[in-house]
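# Tertiary structure, described
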Amino acid sequence: MNNILLCGNPNVGKSSIFNALTGSNEHTGNWTGKTVELAKSKIKGTKYTLIDLPGIYSLSSLSDEEIVARDTLLFSEYQKIIYVIDSSNLERNLNLLIQILQINPNVIICLNMIDEMEDKGICIDEEMLSDIFGVEVIKCSTKNNIGLDKLKNSLESELKSNFKFLYSLDLENKIKDIYELVDEKFQNKFIALSLLEKNNSIVKTIKDKFNIDIVDKKISNYLMNVNEEEISNDIVTKINSLSKEINGRVFKREKNKKISFLDKLFTNKITCILLMLFIIFGIFLITIVLANYPSDLLSNIFVKIENILYNLCLNYNVPKINYEPLLFGVYRVVTFIISVMFPPLVIFFFLFTYAEETGILPRIAFNFDKVCNIAGCHGKQALTVCSGFGCNACAIVGCRIIDNKRDKLLAILTNSFIPCNGRFPMLIAIISMFFVNSSNKLLVSFYLTLFVLFAILISFLTSYILSKTILKGKNGFFVLELPDYKKVKLSKILKISFIYKSLSILKKAILVSIPAGIVIYIISNVFIGGSSLYVILSNFLNPFAKLIGLDGVILLSFILGLPANEIVLPLIIMGYLNSNNVPILSDYTSMKGLLIQNGWTITTAISTILFSIMHYPCATTLSTIKSEVGYKWMIYSFIIPLITGIVFLFILNLFI
Amino acid sequence: MNLCDLKINDSAIIKNINLKGIKKRRLNDLGFINGEEVEKVFTSIFKNPCCYKIKNTFIALRNEDACSIEVEYE
Ligand SMILES: Nc1nc2c(ncn2[C@@H]2O[C@H](COP(=O)(O)OP(=O)(O)OP(=O)(O)O)[C@@H](O)[C@H]2O)c(=O)[nH]1
Ligand SMILES: [Mg+2]
């Protein structure tokens, strides 16, 4: 009962407020539909629990997020609603507010982003706004930490909105008629209007929640004579004119919105494509250059620590069987992940979050909708592709922003082609060893960009093929808001990307790699007829692996790497060493020597990179797909990239 | 005249939305409502979709859909 709902249009800063009040780490970003599921957390220093709802434009357009938000507003127990408004967009924000007040008058209005008002030449009379709705109005800026304490204190207020308005006489009579026909607990203006609009989804929710068919004989007879289009028009016009009128009274704007310089660049074919290539290339280059130093430093430290631990074990006569699996198995895999994977992860996520917060992503979706259409998919797939670079599993959840089921499936099934953060370090390592002199960071980034463009191409080609075969159908409706570009606060980005994203991914990677390290140690030390299980397995896979340009060890490493792509490369190296444990992999030259000794050529390098792009998704991604769209599609999402990869590599290896 | 025929930087008033059901409702929610002023601000690099300014926000719409929205110069 102590729940507080955070509600509002998309991209108004709900999740930012949520994070500020609860100290948690929901993802934010300057594009519509960043939050797609409910987040819950305690507000610091109070008894209340805050619930972050997905952003919606109204309660009746019937996309999945809207249904979630509507059902929570209508049927869950809560104390208050914090309605968040983007101050520079008051008028449109009022529409949803008026709809919500029909459901529940316990509202606090939060005028967010007031830091931008001056720049934009905007002035809002918040006292008047407060008088009109009869609720508290609090000015806020999560960017500059304004108003958040006041918001917290206002949760105790008993104020209820006394805002009332009437629809046309005819519609009001119809609402009364409906009240006569339904159970008392459903005598709510919003439900009555939804019934009159013949909104089936609310009927379904009521059936699921209360096991009642609200549209009984009497109601369905009544609704026969109702023209739902007319009713909808009536409602929309009434609410729109109300918000227009209120906006006119409280909102003043001196400057009109102009097209920004960046949008001029983004809407010209040449500058747009150059700019995008530059962004991708730049992100990789900065990541590779900067990651080097902390990587070296960390791996030196870890080697020193290992020596100390090793000596300790020797001094205290710890039996070999006890310390070897821990030190040479687990310790080395974990420290490898930390020293080689973590620095690029942090830097990449920082740059990625930066790009996300500025508002570039929706421009990409806007510009490439046509291309996506040709590939049979929805423009918003460009957004989920971008998220895939960070983490495929997160991108799968993000596919909820695509309303149409078919389009969503296309986006989900083709997302694992996009190399995620867990795969980049391996791609960078192989490129640095086999394609260029590793000190030439420019060329490394260049090749990496080429492979990434290839991955995007394959992802869309597969979409195309799927849309012509198992997922035939028409492309869904496309509307997308292009939010204003935002000046980003570096300290905030640093905090989000480092503490929230990178550390949590690192934690996950370590948690999977510990058991993986142990399993690997075991299978390399269980001997059957003179050779270890590891050797037997890799020999078994070898003939097949050779057909696609790999070898048994590489293929086995991909199989054992199912829990996390991060561990594939250390597994490969381990496989080649007879010492049965993961070696210290601090520099590329020694690694390259080892690979060449084991028969690697440039073909093996290319095949391994391509297989890393085109194989099954990692275990986390698979389980996310299962919970999003079910078993059947999880299996498809496993098979499709795998077969693509095998066929592609088989053909490639016939020719080279 | 339809919204898709509008030239860049031209603005007009929405007269009618010839769509039904969810599509229409979606557009309504974003501010595409009879009587509202709308301006075409820029096109995407492949000329489809285009971006319109409505209620001082930028909204992208495909040309196919914009062609179902009747507009009239002020
Ligand atoms: N200038 C400024 N920007 C803000 C403020 N609050 C949030 N933002 C930015 O606004 C954008 C959207 O913020 P989110 O918190 O993701 O918005 P949301 O309402 O949760 O969005 P959805 O999840 O898509 O509904 C981000 O880029 C934030 O950094 C603020 O007070 N001032
Ligand atoms: Mg959010």
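Only a predicted model underlies this, so the values are computations on that prediction, with no experimental measurement involved. (Residues numbered from 1 in each chain as written. Chains lettered and ligands numbered in written order. Predicted model: local features only at pLDDT ≥ 70, side-chain atom pairs only at ≥ 80, totals over all residues. Heavy atoms only, no water.)

## Quick notes on the overall build of chain B
- Along the backbone of chain B there are 2 helices and 5 strands.
- Tracing chain B from N to C terminus, the helices and strands come up as β-α-β-β-β-α-β.
- Taken over C-alpha atoms, the radius of gyration comes to 11 Å for chain B, in line with the 11 Å a tight globule of 74 residues would show.
- For chain B, the proportion of its 74 residues judged to be buried stands at 64%. (Helix = DSSP H or I, 4+ residues; strand = E, 2+ residues; numbered from the N terminus. Rg over C-alpha atoms; globule rule 2.2 N^0.38 Å. Buried < 20%, exposed > 50% of the residue type's maximum accessible area, 1.4 Å probe, protein only.)

## Details of the site of ligand 1
All names here are of chain A.
- Close to ligand 1 lie 26 residues; Lys14, Ser16, Asp115, Thr142 and Glu357 are nearest.
- Within the backbone of Val12, a nitrogen or oxygen atom sits 3.1 Å from an oxygen atom of ligand 1.
- A distance of 3.3 Å is found between a nitrogen atom of ligand 1 and a side-chain nitrogen or oxygen belonging to Glu116.
- The leading source of residues in the shell around ligand 1 is helix α1 (residues 14-22), at 3 residues. (Near = heavy atom within 4 Å. Polar contact = N/O pair within 3.5 Å; in protein donor to acceptor, adjacent residues only side chain to side chain.)

## As for the interface of chain A and chain B
- Of the residues lining the interface, 48 residues belong to chain A; the matching set on chain B comes to 33 residues.
- Among the residues chain A hides against chain B, the three largest losses belong to Lys257, Phe366 and Phe477 of chain A. Together they make up 17% of the total.
- Put simply, chain A and chain B have 6 salt bridges between them.
- Our count for the chain A to chain B interface comes out at 16 residue pairs in polar contact (both at pLDDT 80 or more).
- Going through the elements one at a time, α3 (90-103), α11 (228-250), α12 (261-266), α13 (269-315), α15 (360-374) and β9 (479-481) of chain A are the ones with two or more residues in the side of chain A that touches chain B.
- Alignment of β9 of chain A against strand β4 (residues 57-61) of chain B, held across 3 bridges, turns out to be antiparallel. The residue of β4 of chain B that forms the bridge with Glu481 of chain A is Ile59 of chain B. (Contact = heavy atoms within 4.5 Å. Buried area = accessible area lost by both parts, 1.4 Å probe. Salt bridge = Lys/Arg side-chain N within 4 Å of Asp/Glu carboxyl O. Pairing = 2+ DSSP bridges.)

## Section: unusual backbone geometry
All names here are of chain B.
- A cis amide bond, omega 0°, links Asn48 with the succeeding residue Pro49.
- The residue Pro49 is located in the loop between β2 (37-43) and β3 (50-54) in this model.
- Positive phi, close to 70°, is recorded for Lys47, a residue that is not glycine.
- Structurally, Lys47 can be placed in the loop between β2 and β3.

## Here we look at the confidence of the model for chain B
- Residues at a pLDDT of 70 or more form 100% of chain B, whose mean pLDDT is 93.
- Model confidence for the complex is summarised by a pTM of 0.88, with the ipTM given as 0.96. (pLDDT = per-residue confidence, 0-100.)

## Overview of the state of the cysteines
All names here are of chain B.
- Counted under the stated rule, the structure contains 1 disulfide over all chains.
- Here Cys4 connects covalently by a disulfide to Cys67, the sulfurs 2.1 Å from one another. Across the disulfide from Cys4 to Cys67, rotation about the S-S bond amounts to roughly 110°, and the bridge is consequently right-handed. Here Cys67 lies in the loop between α2 (63-66) and β5 (69-72) and Cys4 lies in the segment before β1 (11-17), a separation of 63 residues in the sequence.
- Cysteine Cys51 shares no disulfide, and the gap to the nearest cysteine sulfur, in Cys50, comes to 8.6 Å.
- Judged by its relative accessible area of 0%, Cys51 is buried. (Disulfide = S-S within 2.5 Å.)

## Some points on the nonpolar core
- Ranked by size, the top nonpolar core spans 130 residues in total, and within it Phe389 and Trp600 of chain A carry the most contacts.
- Of all hydrophobic cores here, the second largest spans 62 residues; its members include Ile81, Val135, Val203 and Val226 of chain A. (Core = buried A, V, L, I, M, F, W, Y, C linked by side-chain atoms within 4.5 Å.)

## Regarding the sheet that holds strand β1 (residues 3-8) of chain A
All names here are of chain A.
- Pairing in this open sheet of 6 strands is mixed, and the strands run β2-β3-β1-β4-β5-β7 from one edge to the other. Of all strands in the sheet, those bounded by a partner on one side alone are β2 (39-42) and β7 (137-139). Here the strands of the sheet are splayed against their neighbours by 25° on average, with no regard to which way each runs.
- Relative to β7, strand β5 (residues 107-112) runs parallel, the two sharing 3 bridges. Residue Leu111 lies in a different strand from β7, and its bridge partner there is Lys139.
- Here α3 sits on the sheet in contact with β1, β4 (80-86) and β5, set at roughly 165° to β4. (Axes fitted to C-alpha atoms, helices over the stretch in contact; angles between N-to-C directions.)

## Topic: helix α26 (residues 602-613) of chain A
Residue and element names in this part refer to chain A.
- Its 12 residues place the ends of α26 17 Å apart at the C-alpha level, agreeing with the 16 Å of an ideal helix rising 1.5 Å per residue.
- The buried count for α26 comes to 9 of 12 residues, which makes it a mostly enclosed element.
- Regarding α26, the residues found buried are Thr604, Ala605, Ser607, Thr608, Ile609, Leu610, Phe611, Ser612 and Ile613.
- Buried residues along α26 sit in contact with α19 (424-434), α20 (441-468), α23 (552-560), α24 (568-576) and α28 (631-655). (Expected span 1.5 Å × (residues − 1).)

## Things to note about the pairing of β2 of chain B
All names here are of chain B.
- Burial runs high along β2: 6 of the 7 residues are buried.
- Summarising the sheet, β2 and β3 pair through 5 bridges and their orientation is antiparallel. Following the sheet pairing, Glu39 is matched in β3 by Lys53.
- A loop of 6 residues connects β2 with β3, the two strands running antiparallel in sequence, and Lys47 in this loop sits at a positive phi of about 70°.

## Comments concerning the pattern of salt bridges
- Counted by the stated rule, this structure contains 27 salt bridges over all chains.
- Here Arg70 of chain A and Asp71 of chain A are joined by a salt bridge, their closest N and O atoms 3.1 Å apart. Exposure class is identical for Arg70 of chain A and Asp71 of chain A. Each is buried.
- As a salt-bridge pair, Lys244 of chain A and Glu36 of chain B come within 2.8 Å of each other at their nearest N and O atoms. Taken as a pair, Lys244 of chain A in helix α11 and Glu36 of chain B in the loop between α1 (21-29) and β2 lie in two separate chains rather than in one.
- Overall, Glu36 of chain B belongs to the buried group, its relative accessible area being 5%.
- Several salt bridges share partner residues, and in doing so they unite Glu91 and Lys244 of chain A together with Glu36 and Lys55 of chain B into one network.

## Notes on the sheet that holds β2 of chain B
- Strand order in the open sheet made by the 6 strands is β9(A)-β4(B)-β3(B)-β2(B)-β1(B)-β5(B), with antiparallel pairing throughout. Unpaired on one side and paired on the other, β9 of chain A together with β5 of chain B mark the two borders of the sheet. Each neighbouring strand pair of the sheet contributes to a mean axis angle of 40°, computed without reference to strand direction.
- Helix-sheet contacts for α15 of chain A involve β9 of chain A together with β2, β3 and β4 of chain B, and the interaxial angle to β9 of chain A is about 150°.

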